[in-house]
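Observations on chain architecture
What follows is each chain in one-letter form.
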Amino acid sequence: MGDPGQHKDDQAPAKPAGRPTRRQVMTATAAAAGVGMVSVPAAADAATAAPVSLGQQGTTTVEFRGRIAQTGSSGQHFTGYGYLFRVSGAPVSALFAGTPHHESTALMTMYASGDLTARILDMSVHSMDIVGTLTVYQRPHPGASFNDPASFRVGKAVARYDVTLQDVLAVYATGKGLPTLTGDMRQTAAAVLSRPLAGKTFGRVGTRLRMFASGLGVLTDPVKLNSQLELAGNWSIE
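The structure displayed is predicted, hence computed values, not measured ones. (Residues numbered from 1 in each chain as written. Predicted model: local features only at pLDDT ≥ 70, side-chain atom pairs only at ≥ 80, totals over all residues. Heavy atoms only, no water.)

The number of helices and strands found in the protein chain is 2 helices and 8 strands. Scanning the protein chain from its N terminus toward the C terminus, one meets helices and strands in the order α-α-β-β-β-β-β-β-β-β. Of all intrachain contacts in the protein chain linking residues separated by at least 6 positions in sequence, the fraction that spans at least 24 positions is 62%. Of the roughly 13300 Å² that the protein chain leaves accessible, carbon and sulfur atoms contribute 59%. (Helix = DSSP H or I, 4+ residues; strand = E, 2+ residues; numbered from the N terminus. Contact = heavy atoms within 4.5 Å. Areas by Shrake-Rupley, 256 points an atom, 1.4 Å probe, with all protein chains shown as cover.)

In structure tokens, the structure reads:
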């Protein structure tokens, strides 16, 4: 004789092949939930990769401090250098390695060169048009110094701009003036950043910006019209 229990199981009706069991439904539901949980961080990672130094039209996205050296036989060449102390989308820890916040602790520096295209000298208000390029660097370590302009070119070039400026100088004393710089910037290169900003780029190629800066200018050679300018300023999205 066979086992009655075994015989009963053998006679039990078979479950429809196309209908999932309760265990299968629970497993599939858990798997689907797991997929959803994985996709949320992925979306968040994509969002954090948005470029820095960008924003809505008309908003200020970068603030900087710097110097400009006007040199040449007739003051026709300009070299600018400085550091960024505010960049939209970037924390302070990505801009400075410690305190105080100045050129020696800066991790984002800039270097620019340009040439004079027009100049008008009229009593106490002078106007100069300048065309050049500006490059932003992400430094691997701090150490820039205004006593060494080349020190602001250290690191990876992460952004480059074509720049057209007007410098209006209001002379208030012999050999001293108040410069005001305004002009247009067009981004021509953008590279991926590292460390706290890994995966992000500095700006976006083709972006148009407006620069403004003001400060103090001192004439260093009255014959060659050479001068040194100390500035602070910003650029905003056009």
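Okay, the pattern of salt bridges next. The full count for this structure, using the stated rule, is 5 salt bridges. For R65, the salt bridge is made with E230, and the minimal N-O distance between the two is 2.8 Å. Of the two residues, R65 is situated in strand β1 (residues 60–71) and E230 in strand β8 (residues 226–237); the sequence distance between them amounts to 165 residues. Looking at R65, the relative accessible area reads 28%, which means it is partly exposed. For E230, a relative accessible area of 35% gives the class partly exposed. (Salt bridge = Lys/Arg side-chain N within 4 Å of Asp/Glu carboxyl O. Buried < 20%, exposed > 50% of the residue type's maximum accessible area, 1.4 Å probe, protein only.)

L84, L134, V136, Y161, F202 and W235 are the most contacted members of the largest nonpolar core, which totals 46 residues. For this core, the secondary-structure elements that each account for two or more residues are β1, β2 (77–87), β3 (108–122), β4 (125–138), β5 (156–173), β6 (176–190), β7 (208–221) and β8. Those residues in contact with V136 that lie beyond four places of it in its chain are L84, M108, T109, M110, K156, A157, V158, A159, Y161, F202 and W235. (Core = buried A, V, L, I, M, F, W, Y, C linked by side-chain atoms within 4.5 Å.)

Moving on, we get to a nonpolar patch on the surface. Together, Y172, L178, L216 and V218 make up a nonpolar patch on the protein surface, roughly 330 Å² of accessible area in all. With respect to the element layout, Y172 can be found in strand β5. (Patch = residues over 30% accessible without salt bridge, like charges linked within 9 Å, V, L, I, M, F, W, Y side chains within 5 Å.)

With an omega of -5 degrees, the peptide bond running from T99 to P100 counts as cis. In this fold, P100 is placed in the loop between β2 and β3. Unlike most non-glycine residues, S53 shows phi in positive territory, near 70 degrees. Examined against the element boundaries, S53 turns out to sit in the loop between α2 (22–48) and β1.

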